[in-house]
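# Architecture and fold: a report
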Amino acid sequence: MNISTLLQQKKVTLSFEVFPPKRQDDFATVGAAAKELVALKPDFVSITCGAAGSQKNGTADVAALVERHGTTALAHLTCVRLTRAQLDETVADFKARGIQNVLALRGDLPKDALPGEDLFPAGMRHASDLVAALKKEGFCVGGACYPEGHPESPNRDIDIENLKHKVDAGADFLTTQMFFDNDMLYSFLYRLQSAGIRVPVLAGLMPITSASQVSRMVDLSNAYVPRKLLSLCDKFRNDEKAMWQAGIAYATDQIIDLISNGVRGIHLYTMNKPRVAQAILRNVDSILSAINGTAAS
């Protein structure tokens, strides 16, 4: 199903994210995790691309598996090292597999880039360029956004201006990078409204279930970590079960607050761990059902 249609039909959506296998012989493990996530009946499942611009990594394979099991898939596609021929091939492949939704990203700049290498051979240097191309092909297209500002943006005003280019190019919805302080999102949403950006914004959350995750996630997202989260990580870092429970509780509190304040969608970065999604869903299924007017599972 078209995700923009889902967002019109439901007051709040819940979605999960998985990453495809690095090696083809790991597909069974990733496929099993994807099936477990699909069994939880999310509104859609998002499937990432490979790191540093790798396109040939099974994104379409996992997305097709998700679709075959009756759940909408959102396949990621990046501009980095994407040739025009690869774009045409990927578009045809997505269509043949029944994939209707694509998250258009610039992508991380590869660490192995050669001096003078053209990292954007298709001529698409920005996600907005890819958004426009995918819209012409009839896809529902999502974009990424950064509540605390894109790491490469000189300031937040320019970041919002670039985001507006993406929306004006045709992005149907936006999904945020992970954040741990809801006030950061609320401030960001206010700035979007002031800039005339009206598309739905889905809140991307990363449940922290081990203390070691915090430093890794900060390195990846440059996200601010509130004192409350730092304190619970410090308190429970040596007790695996307690840290798990505390991390799930923290993410649950975030979700309840977000839904109470009118956020349209919750997107969980599950790191291919169905157990995380299961634990969160147990805590909020009745809340989602009450908001959407459906029976809790």
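This one's a predicted model, so the numbers in the text were calculated from it and none came from an experiment. (Residues numbered from 1 in each chain as written. Predicted model: local features only at pLDDT ≥ 70, side-chain atom pairs only at ≥ 80, totals over all residues. Heavy atoms only, no water.)

### A few points about the pattern of salt bridges
The line we're drawing: Between Lys or Arg on one side and Asp or Glu on the other, a salt bridge is scored when a side-chain nitrogen of the former is within 4 Å of a carboxyl oxygen of the latter. Helix and strand assignments follow DSSP, with helices taken as H or I runs no shorter than four residues and strands as E runs no shorter than two, numbered in order from the N terminus. Remark: exposure states derive from per-residue accessible area (1.4 Å probe, protein chains only) relative to the maximum for the residue type, with buried under 20%, exposed over 50%, and partly exposed in between.
Under the counting rule described, the total for this entry stands at 10 salt bridges. A salt bridge links D112 to R81, with the nearest nitrogen and oxygen atoms 3.1 Å apart. Placement of D112 in the loop between β4 (101–105) and α5 (127–136) and of R81 in the loop between β3 (72–78) and α4 (84–96) is noted, with a sequence separation of 31 residues between them. What makes D112 exposed here is its relative accessible area of 51%. In this structure R81 comes out as partly exposed when scored by relative accessible area, which is 24%. Put simply, K135 and D172 hold a salt bridge, and the shortest N to O gap is 3.1 Å. Taken together, the residues K135 in helix α5 and D172 in the loop between α6 (156–168) and β6 (173–176) connect sequence positions 37 residues apart. Given the relative accessible area of 29%, K135 is considered partly exposed. Connected through salt bridges with shared partners, the residues D61, D93 and R97 form a single ionic network.

Read these as layout, nothing more, since geometry by itself doesn't imply function.
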